[in-house]
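Okay, here's what each chain looks like letter by letter:
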Amino acid sequence: MGERDDPGTIGRRVQRLRVERGLTQRQLAEPVYTPAYISTLESGRVRPSDDALRHLAGRLGVAFDELATGRSARLVTELRLRLTEAQRTLAAGEAEAAAEQYGTLLAEAEANGLVAEQAAALLGLGECALETGELVAGRQYFERAEERLAGAPLPARVPALRGRAVAHYLAGELRYAVYLLESGIDELNRGGLHDPDALLLLYASAIGPYMDMGAHARAAQAAELALALAPRSGDPALVARMHRSVARTLVAEGRHAEADASLAKAAELYRGLQIRTELANCHWMRGYVYAQDGRLERAESELREALGMLSARRAALYSSQVTVELADVLHRSGKSDEAAALLHGVLDDLSPERGAVHSAAAHRLLGIIAEDARRTEEAEEHYVRALSLLERAGAAGDLADLCRLLGDLLRRTGRVEAALDAYRTGLGHRTAPGTTTLGPAPAQPPL
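It should be emphasised that the depicted structure is a prediction, and the values quoted were computed from it without experimental measurement.

**What about the overall build of the protein?**
The helix and strand inventory of the protein stands at 23 helices and zero strands. For the protein, the spread of C-alpha atoms along the three principal axes comes to 100 × 40 × 40 Å. When the 447 residues of the protein are sorted by exposure, 51% land in the buried category. Of the contacts formed within the protein by residues at least 6 apart in sequence, a portion of 61% connects residues at least 24 apart. If you average the places of the 53 positive and of the 62 negative side-chain charges in the protein, the two averages end up 4 Å apart.

**Description of helix H10 (residues 154-170)**
Compared with an ideal rise of 1.5 Å per residue, which puts 17 residues at 24 Å, H10 spans 24 Å between its outermost C-alpha atoms and is within 8% of the ideal. Of all 17 residues in H10, 13 are buried, a share of seventy percent or more. Gly-172 occupies a position one or two residues after H10 and carries a positive phi of about 90°.

**Concerning the UniProt feature "coiled-coil region" (unreviewed entry) in the protein**
Taken from the UniProt record, the annotation "coiled-coil region" (unreviewed entry) applies to residues 76-112. With 89% helix and 0% strand, residues 76-112 has end C-alpha atoms that lie 9 Å from one another.

**Considering the packing of aromatic side chains**
If you walk through the whole model with that rule in mind, you get three aromatic pairs. Considering the side-chain rings of Tyr-33 and Tyr-37, the 5.1 Å spacing of their centres and the 20° angle between planes classify their relative orientation as stacked. Tyr-37 gets classed as partly exposed once you look at its relative accessible area, which sits at 21%. Considering the side-chain rings of Tyr-176 and Tyr-179, the 5.8 Å spacing of their centres and the 25° angle between planes classify their relative orientation as stacked. Separated by three residues within a single helix, Tyr-176 and Tyr-179 lie in helix H11 (residues 174-190), roughly one turn from each other.

**Digging into the pattern of salt bridges**
Counted under the stated rule, the structure contains 34 salt bridges. Ionic pairing is found between Arg-164 and Glu-146, a salt bridge with its closest N-O pair at 2.6 Å. Pair noted here: Arg-164 is in helix H10 and Glu-146 is in helix H9 (residues 135-148), with a separation of 18 residues, a long-range link. Classification of Arg-164 as buried rests on a relative accessible area of 14%. Owing to a relative accessible area of 18%, Glu-146 belongs among the buried residues under this scheme. A salt bridge links Glu-300 to Lys-335; the shortest N-O distance between them is 3.2 Å. Note that Glu-300 is positioned in helix H17 (residues 296-312) and Lys-335 in the loop between helix H18 (316-332) and helix H19 (336-346), a separation of 35 residues in sequence. Accessibility expressed as a relative area gives 34% for Lys-335, which makes it partly exposed. A single network of salt bridges, built from pairs that share partners, joins Arg-364, Asp-401, Arg-404, Asp-408 and Arg-411.

**Quick look at H9**
The end-to-end C-alpha separation of H9 is 20 Å, in line with the 20 Å expected for 14 residues at 1.5 Å each. Taken together, the buried positions of H9 are Leu-135, Gly-138, Arg-139, Phe-142, Ala-145 and Glu-146. The buried residues of H9 occupy an angular sector of 120° when projected down its axis, which confines them to one face. On the buried face of H9, the contacting elements are helix H8 (115-132), H10 and H18.

Cut-offs used in this document
Residues numbered from 1 in each chain as written. Predicted model: local features only at pLDDT ≥ 70, side-chain atom pairs only at ≥ 80, totals over all residues. Heavy atoms only, no water. Helix = DSSP H or I, 4+ residues; strand = E, 2+ residues; numbered from the N terminus. Buried < 20%, exposed > 50% of the residue type's maximum accessible area, 1.4 Å probe, protein only. Contact = heavy atoms within 4.5 Å. Lys, Arg positive; Asp, Glu negative; His and termini not counted. Charge placed at Lys NZ, Arg CZ, Asp CG, Glu CD. Expected span 1.5 Å × (residues − 1). UniProt positions renumbered as here; feature names shortened; annotations may be inferred. Phe/Tyr/Trp six-rings, centres within 6.5 Å; stacked < 30°, edge-to-face > 60°. Salt bridge = Lys/Arg side-chain N within 4 Å of Asp/Glu carboxyl O. Arc of directions from axis to C-beta.

Quick look at the structure:
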């Protein structure tokens, strides 16, 4: 029947409840047991059987679990209802308020020894921390959730694993994020644990790191598998997130109309679920799609919509990332001064440990703007900073283009040898398109 308290604790609980109800030991025992047995049980000198506990629970008017563990079924139900409410608060974009709710629930779950509810609260706190850009704290919450679930099957641990991987990804640790996600995928598929929701969550989460690392073939494969798994999933929010991730691979393949359609499906699901932050992310991704397709006015509109929604919800890190992409659209639209002002305004919110890829993108764009204005030294400084950030993150997808920009700048200023070094570095990242040193791809599900 699962874990229960020790005989002494159960005995004291039985005695307290009996006295509160005004029953004698004989009244509690009859007709199945003797007063002597009740006396021995209350003193903690005997471990009651399940049948004895059921009899006593019935006589005392409490649930079996409450008598065996001290936890009422009502308490567990109420905690779970409040966890759902905290999840709704987070879905509405109120990360700080949700964190307070989850913190209170965690303390109550710990006080009552409710391990599953502790893990759920820790997962919620981790998601809140990602939302507000507190990546170290988020990672620690997810690690603690994994510890609580150590004895559970892998599918139950996947949300915590995925959360930890996302925290590393946002911190610029792309390769380690992919390692975590691929390890989970491989273990699920090789072990025959073909849980559609768990696999869908891992494949969708791997697409972003794959793309940033230049592993486009692997990103496309992950997208294909995610799309195949989607009809088997019972989680609409997860399916919506998958559509948003898949759109990125479709853009890379030049399939902009399909990407837009995928994002429209995601947005429709998020609107129905009233998940504000994910809806903002759909506007963000649609802005990216329109920018790649050269529809700059629509891109600017979508990105401003996303930025307004995220800023209102205090999603600091995501707001900074959207700002960088909006600045790129503004620069391409001839609004370079406004773009530069936006970039300088968010650079303090980005760092090698917090949004490294977008920090590099901000420096790259500031370098381009400075070069256009013939501020050569300033441009070079921004390019070098961007190069350092991308090398540290392992974002091979952007490194080659940045090396070309830096090489062209150095060549124009007469530093031919330095330019050649920059070009060689860039060529090194282009020699094997779509590949990485990640090793063999994880095992695939039997679709």
